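So the chains spell out like this:
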Amino acid sequence: MPQEDKPIPPARLERNNNDERYDPQRIEQKWTERWQSDPSLYAAEAHSTKPKFYVLEMLPYPSGALHMGHVRNYSIGDALARYMWMNGYNVLHPMGWDSFGLPAENAAIKNNTPPKQWTLANIAAMKVQMKRLGFAYDWSCEVTTCLPDYYRWNQWFFLKLYQSGLAYRKKSKVNWCPVCCTVLANEQVVNGNCWRHEDTPVEQRELEQWFLRITKYADELLRDLEKLQGWPEKVRIMQQNWIGRSEGTLVDFDLGGTVGPAGSTITVFTTRVDTIYGATSVQLAPEHPIVADIASRHPDLRAQVDQLIAEQRKAKETGDIGAIEKHGVFTGRYAKNPYNGEAVPVWVANYILMDYGTGAIMSVPAHDERDYEFANKYKLEIRLVILPQSSDPEETMVEPPLPFTTKDGIVVNSGEFSGLSCDDAIKKMTARAEEKGFGKATVTFRIKDWGISRQRYWGTPIPMVYCDKDGVVPVAEKDLPVILPDNVPITLAGGSPLAGVPEFLNTTCPKCGGPARRETDTMDTFVDSSWYFYRYADAHNDKAPFDSATIAYWFPIDQYIGGVEHAILHLIYSRFWTKFMRDMGLVKNDEPVARLFTQGMVIKDGAKMSKNLGNVVSPDEMVARYGADAARLYSLFAAPPDRDLDWQDSGIEGIQRFLGRVYRFFLRNPVKKSRDPEPAEQLVMLSSEARAIQRKLHQTIKRVSHDFQGRWHFNTCIAAIMELVNEIYSAEEAITGGRVPNSLIADAQRNIALLLAPMAPYLAHELWEMTGATSNLLKAPWPKYDPALAAEDEIEIPVQVNGKLRGLVVVPAGATDDQVEQAAIANEKVKAAIAGKQIVKKIVVPKKLVNIVVR
RNA sequence: GCGGGGCUGGCGGAACUGGCAGACGCGCUGGCCUUAGGAGCCAGUGGCCGCAAGGCCGUGCAGGUUCAAGUCCUGUGCCCCGCACCA
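In this convention, every chain numbers its residues from 1, walking through the sequence in written order. The lettering of chains begins at A and the numbering of ligands begins at 1, in the order of writing. Owing to the predicted nature of the model, reporting of local features is limited to residues with pLDDT of at least 70; listing and counting of side-chain atom pairs is limited to 80 or more, with chain, interface and lining totals taken over all residues. Working from all heavy atoms in the structure, the side-chain values ignore hydrogens and water.

### Quick word on the overall build of chain A
- Starting at the N terminus, helices and strands are each numbered in turn, a helix being any DSSP run of H or I of at least four residues and a strand any DSSP run of E of at least two. Summing up its helical and strand segments, chain A has 27 helices and 34 strands in all.
- The dimensions of chain A, computed from C-alpha atoms along their principal axes, are 105 × 85 × 50 Å.
- Exposed residues in this analysis have more than 50% of their type's maximum accessible area, buried residues have under 20%, and partly exposed residues fall in between, with area computed by a 1.4 Å probe over protein chains only. Counting the 855 residues in chain A, one finds 54% classified as buried.
- Residue contacts are defined here by distance: any two heavy atoms, one from each residue, within 4.5 Å place the two residues in contact. Within chain A, residue pairs in contact and separated by at least 24 positions form 73% of the contacts whose partners lie at least 6 positions apart.
- Accessible areas in this description were obtained via Shrake-Rupley with a 1.4 Å probe; residue shielding takes into account the shown protein chains only. A total accessible area of about 38000 Å² is found for chain A, and carbon and sulfur atoms account for 51% of it.

### Focus: the sheet that holds strand β29 (residues 607-608)
- Spatially, three strands are ordered β29-β28-β30 in an open sheet, and the strand pairing comes out mixed. Of all strands in the sheet, those bounded by a partner on one side alone are β29 and β30 (645-646). Paired strands, as defined in this entry, are two strands with at least two bridges between them according to DSSP.

### Some points on the protein's contact with RNA strand B
- Around RNA strand B lies a shell of 57 residues, among which T271, I324, K326, R370 and M722 are the nearest.
- Only a single heavy atom is needed: when it lies within 4 Å of a molecule or strand, its residue is near that molecule or strand. Within 4 Å of the protein, the contacting atoms of RNA strand B are 65% sugar and phosphate, with bases supplying the remainder.
- What qualifies as a polar contact is a pair of N or O atoms within 3.5 Å, subject to a donor-acceptor requirement within protein and to the restriction that residues adjacent in sequence count only when both atoms come from side chains. Between RNA strand B and the protein, one listed contact pairs a sugar or linking oxygen with a side-chain N or O atom of T270 at 3.2 Å.
- One nitrogen or oxygen atom from the side chain of K829 is found 3.1 Å from a phosphate oxygen belonging to RNA strand B.
- No other element matches the seven residues that helix α21 (residues 714-730) contributes to the surface near RNA strand B.

### Digging into the pairing of strand β13 (residues 328-336)
- Relative to strand β14 (residues 343-349), β13 runs antiparallel, the two being bridged by six bridges. Looking across to β14, one finds that A335 is bridged to V344.
- Hairpin remark: β13 followed by β14, antiparallel, with six residues in the connecting loop; positive phi at G341, about 70°.

### Points about unusual backbone geometry
- A cis geometry characterises the amide bond from L480 onward to P481, with omega recorded as 0°.
- By secondary structure assignment, the location of P481 is in the loop between β22 (471-474) and α12 (502-505).
- Backbone torsion omega between F555 and P556 reads 0°, so that peptide bond is classified as cis.
- By the element assignment, P556 lies in the loop between α15 (548-554) and β26 (559-563).
- Backbone geometry places N112, a non-glycine residue, at a positive phi of 55°.

### Topic: the pattern of salt bridges
- The working definition used for a salt bridge is a side-chain nitrogen of Lys or Arg within 4 Å of a carboxyl oxygen of Asp or Glu. Counted by the stated rule, this structure contains 52 salt bridges.
- Between E247 and R245 there is a salt bridge, and its shortest N-O distance comes to 2.8 Å.
- Between K842 and E821 there is a salt bridge; the shortest N-O distance is 3.0 Å. Here K842 is found in strand β33 (residues 839-845), whereas its partner E821 is found in helix α26 (residues 817-826), with 21 residues between them in sequence.
- With a relative accessible area of 38%, K842 lands in the partly exposed category.
- Among the residues examined, E821 registers a relative accessible area of 15% and is labelled buried.

### Focus on the packing of helix α18 (residues 628-637) against α21
- Only C-alpha atoms enter the line fits that serve as axes; for helices the fit covers just the stretch in contact. Angles between N-to-C directions range over 0 to 180 degrees. The geometry of α18 relative to α21 is characterised by a closest axis approach of 7 Å and an angle of 115° between their N-to-C directions. As judged from the angle between their axes, α18 and α21 are roughly perpendicular. Residues L633, L636 and F637 of α18 pack against F714, N715, I718, A719 and M722 of α21. By the definition adopted for this analysis, an angle is roughly parallel if under 35 degrees, roughly antiparallel if over 145, roughly perpendicular if from 65 to 115, and oblique otherwise.

### Let's talk about helix α24 (residues 761-770)
- Counting buried positions along α24 yields nine of 10 residues, so the element is predominantly enclosed.
- Where the residues of α24 are buried, they touch α1 (24-36), α2 (68-86), α4 (115-132), α18, α19 (649-668) and α23 (742-756).
- Downstream of α24 by one or two residues, G772 has phi in the positive range, about 95°.

### As for the nonpolar core
- Put simply, buried Ala, Val, Leu, Ile, Met, Phe, Trp, Tyr and Cys residues joined by side-chain atoms within 4.5 Å make one nonpolar core. Residues M130, W647, F658, L659, I752, M759 and L767 are the most contacted members of the largest nonpolar core, which totals 102 residues.
- Sorting elements by how many residues they give to this core places α2 first, with 11 residues.
- Ignoring anything within four residues of it in the chain, the contact list for L659 reads Y22, D629, A630, L633, A760 and L763.
- Membership of the second largest hydrophobic core comes to 90 residues, among which are M58, Y150, A516 and F526.

### Here's the deal with the state of the cysteines
- Note on terminology: pairs of cysteine sulfur atoms within 2.5 Å are recorded as disulfides. In total, this model carries zero disulfides according to the counting rule given.
- Summary of cysteine pairing: C180 is not part of a disulfide, and the nearest cysteine sulfur, belonging to C177, is at 3.7 Å.

### What to know about the packing of α23 against α24
- The N-to-C vectors of α23 and α24 enclose an angle of 155°; their axes lie 8 Å apart at closest approach. Our classification of the angle between α23 and α24 gives roughly antiparallel. For the pair α23 and α24, the sense of crossing is left-handed. Along its contact with α23, which presents R750, A753, L754 and L756, the element α24 presents P761, A764, L767 and W768.
- The nonpolar class holds Ala, Val, Leu, Ile, Met, Phe, Trp, Tyr, Cys and Pro. Asp, Glu, Lys and Arg form the charged class, and all remaining residues, Gly among them, are polar. A per-class count over the contact of α23 with α24 returns seven nonpolar, no polar and one charged. Helix crossings get a hand from a simple test, with the near helix turned counterclockwise from the far one by less than a right angle marking a left-handed crossing and a clockwise turn marking a right-handed one.

### Things to note about the confidence of the model for chain A
- Of all residues in chain A, 94% have pLDDT values of 70 or greater, and the mean over the chain is 89.
- Note that pLDDT drops below 50 for residues 1-17; the model gives that stretch 27 contacts with residues more than four away or on any other chain.
- Here residues 674-680 is a poorly scored stretch, pLDDT under 50, and it has 14 contacts once near neighbours within four places are set aside; other chains count.
- The ipTM assigned to the predicted complex is 0.95, against a pTM of 0.91. For every residue, the predictor reports its confidence as pLDDT, a number between 0 and 100.

### A closer look at the sheet that holds strand β1 (residues 52-57)
- Strand order across the open sheet formed by four strands is β2-β1-β26-β27, with parallel pairing between neighbours. Every interior strand has two partners, whereas the edge strands, β2 (90-92) and β27 (596-599), have only one. In this sheet, adjacent strand axes meet at a mean angle of 20° when their direction is disregarded.
- The sheet contact formed by β1 and β2 spans three bridges and is parallel.

### Let's talk about the environment of S63
- Secondary-structure assignment places S63 in the loop between β1 and α2.
- As for S63 and P103, which are separated by 40 residues in sequence, their C-alpha atoms are 7.7 Å apart.
- A distance of 3.4 Å separates a polar side-chain atom of S63 from the backbone oxygen of A65.

Below you can see the structure in the form of structure tokens.
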């Protein structure tokens, strides 16, 4: 939503009529103007001998205003981009807009504004915010997914998917959100509710839909998770669970005669065929077609089954599926276990899901907890067929107190398979099924094909045509894009708005030229975000989605940064898209993203910021009060980036104080003699105060470099710079008294500007200029430290007696262990602590500590 | 139930490979400067005892390994996130 204009209280410092005040508004405005005058400032180099680095933050939905989560995300990415520039990389750092989607339609209804107008206005507003925050984006390759020059390539990809058999149309039960009035992908259903309307249960509807065959890549998507060592383990595991690969066996149970159109066989799926001699019933999902067949002749059963179906649906909707009490009903029929020829009763049970496996299971109460619970309730036979490996095979447990469910056992009571280990039994029994033709090995996935049809207006039109003569016909490539018409009346009722636009709907068949109708559904917006980051590298290509050679240079993305909420949806779809493009020969990389970083949420008063709770902090207000640098620096300082950040207004004030301290140090100690950076002089004869500053300076460069590169602990980077500034302030008397050479002050100032440059770019640039430097700080080399100058002359060694701190001794940095030990023992407090006791052991950890063990 | 992360002062957080727990910042207390201070500067600030010197206790809890444990091991509690009748 667009930000309403609230009167913003003036920055507190502005009331201070002091020439030394740090005025972020003045400084930041000055640099904004300068940076805007050079649009190529942040542009990636097309031909470069430098190593490349592609750093990317997840593109926002243009809701109208940035929130603090965006600011944090982009502050991290921007710091990294700037750091890599300073380290000599050719950096690609783009930004764009995930700009199709339902909120634009909702806003259209509410404000009577066309979605396009609303969206483009929001983009303009948010771009202003981003520029005000000083993020170094290469706007020349901006991607806006709702514009035809982008979405035409969605359509182009769709045609390619269709040609490859990876896009298909199918009538099926789909998830329908009654508030969005559209279909949702499985990935967009959260606990049975719509992902955007968490209180709205998803309904099931039968509709003709377009699907993308992501399941073709299910195995590879799973396998290649191994390659993604630069991804958080959490995300890899979430994807692994989502894909849900499971190896098992299909086994046919014969019903001994046809019941109806669904046939005379029940095929069950099991991962534990080794337990099949213990199967004492077959359980069907209430929605299983054979249940419908049987029930059609038995009205009583029909009613009971309907109840089970209703119950299951309700449980799914409330998210309680998994906790409902198991119950079921006997169908009156029996099915034959093909291994032992035994006929077992066929039941319908509410804990069997139609959309996993075959919707039918064999029930083995002795070796499955769920089956055990069910069998106990209905007094079904519990037959033991696996014994724990350790126990005596002679010993027969007739009534197991609990089912034994692990594979670590021996098969018993299973005819010729008795005596085998579970794994061997699975192999041999599956082979038997294949040999006899009553079953086979199979792999089941939890992941389903991706339904992309949406009955909404504001999305990419699906480029397909329906002809009475030729059926479903793809739009010719040369006729792309199929333009999304403007001025479409939008309601949230009655299906696809495009169906009500005759100029759009009516077309001619690409094949026969006769009258035909266009597809009126649009694509899921996750299609847009599945490949947008490729377009950045070649954003103005009008012959192809991108040039393959350019992609080969930039990909994979070196660092992708965003919220963990995209761990499944966006990040699995875009992996699928990359694999499809690779198989098309369009890209060479198997994976789009080499390293992924998921930053923590921004919370306030212990809760996620939300309008309902009224704990939202507006970036605009923060920038107006404290400046962009302070807002950015605080979002990096308040917590390490992977953890949740608890926003505290008093914290950002502290950051502003710090920036003011830095600024005043420069202001009070103008050093304009030297021009551009030059190596620090070797300052041999320094006062102790000067030496302390010099040492701290080099130690700080070391620490910041280390924490930045290796760990991304921006909070400790900033803390280190604060320490340096504190050191300088505490030496103020020495500075004003002339005991610190000008050249050292100049050196410190240059380095402080450099160290701050990635995180607080406005002030850093101002300070850089104040030192007299004329080069562009953006690409100034990251500072290096001199180990000799960073070294301490003397070190303080804690001395423990029996592991407890008893004294501190100061020794020269180069002291030998013996000297340190002597100094430790000579210490008065240590003497007192060991007086009258016998020294058992002396431990000297070089440069760290001494521990004297006494008795 | 399974998986991932977390638990350190009044608060946000430091302590990367076992080696001075509490860096840095906020808050608080005191002082300086000032017509004024919601500006700036300086100092103090884990708890308990003590005038002090100093002592004891302290990283969710209980054990253990070690000269030495926030860090390693065993057990356990609580919080957050994800998945969940997946056969």
